[in-house]
Every structure is written in C-alpha cells, then in structure tokens.
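Spelled out from the first residue to the last, the chains are:
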Amino acid sequence: MTSSAARARTAVITGASSGIGAAAALRLAEEGFDVVLGARRVERLEQVAAECGGRPVQLDVTDSDSVDRFAAAIDSVDVLINNAGVAVGLEPVAELTDAGVEKVWQTNVMGLIRVTQALLPRLESGGNGHIVNVGSVAGFETYPGGAGYTASKHAVRAITRTLRMELVGKPIRITEIAPGHVETEFAVTRFGGDDQRAKRVYEGFTPLRPADVADCVAWAVTRPPNVNIDEIVVRPLAQATATLIARKEDS
Ligand code: 8X3
C-alpha cells in the first residue's frame, strides 16, 4: 500500500494517545506519513509517538486556546484525522444531564469543528488535503439511552456531508469512517471507569480491534488524489446493528 506519493505527506491525528487514534498513528507512520499526534494525556501520547516516530503535541479539542496552540505547532498538514471522541453513560433522554451532553458535544462536535477550522487553510494550500472524520454506526442508527452520543455522531455525519459540498472544487478529500464496536477505552470512559460494565459491551463476540479501523483509514488516505472515499461503515461480523449482536452465551 505504501506509495512514493504518500511518503512526504503529514498526517495529524486527534485523540492519538490510545485506541483508534493510536492505531492510526502507528499505521500511517508505517505507510510513510510524517505523523503529528494530538491528545490531552501527554505521557501516553509521548509513548505512542515514540513507537511510531511521530511528534506529540498536547491538544484538548474542547479548549479553543489549546487548539490554537496545537495548530501553531504544526508546519504543514496533508491529512487530518478527526478522531477525538467520547461517550458519557447510557441514560435515556429524560435523564440526560447538561454536563454529560456538553462533554460529548464539546469533544465530538465542537472539537471536530475547531480543529478542522484551524487546519483547513493548510489542508488546502498543500494541494492534496484529506479530512477523515471518525464517526460511528451511531451516526446512522439510534438506540435507547444513546441520544447524547448518537446525536453527536449524527452531527459528525452532517458536518462531513456539508463540508464535502462546501469544499467541492478544492483539493481536499473528505471521508467518514463509521465503526461499530471497537474494543478500546471507549466503553470504560462511557461508564465512568466501571471496567466490569465496559467489559460486558465486548463480551461473547469478537469486536473490531483499533488496527482494523486504522486499516480503513490507511486505505482511504492512500487512494489516488482523484478518488474520494465518501464513507466506510465497518462492524464486527457478529454485529448487525448497534444493538443486534450475536453473543455466545459462555465466552
Ligand atoms: C461506538 C458504537 O454502538 O456504542 O461508536 O454507539 S456504539
């Protein structure tokens, strides 16, 4: 998959300290990209950066000053992977809290907009830009208790589709990658550190691994410059919808 065209390009990845972001950083480095990794947790970020030979830059996408500092620390960017994302709880709409919804929206929606705005001029001036928004099957589906999160991922999808129209004619490709269940820290965070509850999310079937999603990212960003992959929906084989999963009883 490595091509000489890919070698000189710089990929900037948000939420790169773990999970899909870290896997994408490792994979794109393997593909020959210069990688800039952004996330709040500097120590973790430095570890991943050291593994892939990338550059760690602290980033809190919910803080516009932090996004400005992040953008100022980057010389050029060809590929932006908007990956930073979070879910909070599984409460029904009647019980959602402002704080929970705010956290999800500040990260998944406002954060994506902030980072995109900050880097858009350089994505364009580089002449071969690409924005990859990491959405979710929750951008296509809903499920009880998921509104705070599914609404944010529907928003990611709407922003992606809108950007595709606004950027038509410019040298910036735009892709949404929408995974189903990927075994990461996602569920632990969603359930406030409750490891047991998080473990049950992935029990009885084989979920996607972060590297499976990174594989989709790598494929999308290494197509020829005239080819735009609009969206990739990727799920574990055992998952038909967000809630319909074939779980084996005693695994
Ligand atoms: C994560 C997938 O089904 O938990 O984006 O919303 S789901």
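All figures in this text were calculated on a predicted structure; none of them were measured in a lab.

How each quantity is defined
Residues numbered from 1 in each chain as written. Predicted model: local features only at pLDDT ≥ 70, side-chain atom pairs only at ≥ 80, totals over all residues. Heavy atoms only, no water. Helix = DSSP H or I, 4+ residues; strand = E, 2+ residues; numbered from the N terminus. Expected span 1.5 Å × (residues − 1). Buried < 20%, exposed > 50% of the residue type's maximum accessible area, 1.4 Å probe, protein only. Contact = heavy atoms within 4.5 Å. 1 Å grid on protein atoms, 1.4 Å probe; cavity = no way out; pocket = protein on both sides within 12 Å on 5 of 7 lines; lining within 4 Å. Points joined across faces, edges and corners; volume = space filled by probe spheres on them. Nonpolar A, V, L, I, M, F, W, Y, C, P; charged D, E, K, R; others polar. Arc of directions from axis to C-beta. Axes fitted to C-alpha atoms, helices over the stretch in contact; angles between N-to-C directions. Parallel < 35°, antiparallel > 145°, perpendicular 65-115°, else oblique. Left-handed = near helix turned anticlockwise from the far one by under 90°. Pairing = 2+ DSSP bridges. Right-handed = clockwise from strand over helix to strand, strands pointing away. Near = heavy atom within 4 Å. Polar contact = N/O pair within 3.5 Å; in protein donor to acceptor, adjacent residues only side chain to side chain. Areas by Shrake-Rupley, 256 points an atom, 1.4 Å probe, with all protein chains shown as cover. Sits in = over half its atoms within 2 Å of the grid points.

Chemist: Quick rundown of helix α9 (residues 210-221)? Include the residues and the values.
Modeler: Compared with the 16 Å implied by 1.5 Å per residue over 12 residues, the 17 Å span of α9 between its first and last C-alpha is a close match. Looking at α9, one finds that the buried residues are Pro210, Val213, Ala214, Cys216, Val217, Ala218, Ala220 and Val221. Those residues of α9 hidden inside the fold are in contact with α2 (19-30), β4 (79-82), β5 (129-134), β6 (172-179) and β7 (231-234).

Chemist: Can you tell me about empty space enclosed by the protein, naming the residues and giving the values?
Modeler: For the structure on display, the rule yields one cavity of 30 Å³ or more. Of the volumes computed, that of the largest cavity is approximately 70 Å³. Along the wall of the largest cavity there are 13 residues; nearest its centre are Asn82, Ala84, Thr107, Asn108 and Leu112. Of all the elements in the fold, those that place two or more residues in the lining of the largest cavity are α5 (98-125) and α6 (147-166). Here the lining of the largest cavity gets five residues from one element, more than from any other, and that element is α5. The residue makeup of the lining of the largest cavity, split by class, is six nonpolar, six polar and one charged.

Chemist: Can you lay out the environment of Val77 for me, pointing to particular residues and giving the numbers?
Modeler: With respect to the helices and strands, the residue Val77 is situated in the loop between α4 (64-72) and β4. Measuring from C-alpha to C-alpha, the distance between Val77 and Glu91 comes to 38 Å, with 14 residues separating the pair along the chain. When near neighbours in sequence (up to four residues on either side) are disregarded, Val77 contacts Thr10, Val12, Leu119, Arg122 and Leu123.

Chemist: Any chance you could break down helix α3 (residues 42-52) for me, citing the residues and the numbers?
Modeler: Here α3 has its buried residues at Leu45, Val48, Ala49 and Cys52. The arc that holds the buried residues of α3, viewed along the axis, is 100°, so those residues lie on one side. Those residues of α3 that are exposed and aimed more than 90 degrees away from the buried face are Glu43, Ala50 and Glu51. Taken together, the buried residues of α3 touch α2, β2 (34-39) and β3 (55-58). Phi for Gly53, located one or two positions after α3, is positive at around 70°.

Chemist: Quick one: what's the story with the packing of α2 against α9, residue by residue and with numbers?
Modeler: When two helices pack together, you describe them by how their axes are tilted relative to each other and by the distance separating the axes. Taken N-terminus to C-terminus, the directions of α2 and α9 make an angle of 50°; their axes are 8 Å apart at the nearest point. The angle between the axes of α2 and α9 places the two elements in the oblique class. With respect to the hand of their crossing, α2 and α9 are arranged in right-handed fashion. Across the interface between the two elements, Gly19, Ile20, Ala23, Ala24, Arg27 and Leu28 of α2 pack against Pro210, Ala211, Val213, Ala214, Asp215, Val217, Ala218 and Val221 of α9. Here the contact of α2 with α9 is composed, by residue class, of 11 nonpolar, one polar and two charged.

Chemist: Outline the pairing of β3, listing residues and values.
Modeler: When β2 meets β3, the two strands line up parallel, connected through four bridges. Each bridged residue has a counterpart across the sheet, and for Ala39 the counterpart in β3 is Gln58. Of the crossover connections in this fold, the one passing from β2 over α3 to the parallel β3 is right-handed.

Chemist: Now, about the packing of α4 against α5: what can you tell me, with residues and values included?
Modeler: Here α4 crosses α5 at 25°, and the two axes come no closer than 9 Å. Looking at the two axes, α4 sits roughly parallel to α5. α5 is crossed by α4, and the crossing has right-handed handedness. For the pair formed by α4 and α5, the contact residues are Ser64, Val67 and Ala71 on the first element and Arg114, Val115, Ala118, Leu119 and Arg122 on the second. Partitioned by chemical class, the residues of the contact of α4 with α5 number five nonpolar, one polar and two charged.

Chemist: Quick one: what's the story with the site of the ligand, residue by residue and with numbers?
Modeler: Every residue near the ligand is listed here: Ser136, Ala138, Tyr143, Tyr149, His181, Phe186, Arg190 and Ala242. Note that an oxygen atom of the ligand is positioned 2.6 Å from one of the side-chain N or O atoms of Tyr143. With respect to the ligand, the side chain of Tyr149 contributes an N or O atom lying 2.7 Å from an oxygen atom. Relative to its unbound accessible area of 250 Å², the ligand is 92% covered by the protein chains. Counting atoms within 2 Å of the grid points, the majority share of the ligand lands in the largest pocket. Residues that form the shell around the ligand fall into these classes: five nonpolar, two polar and one charged.

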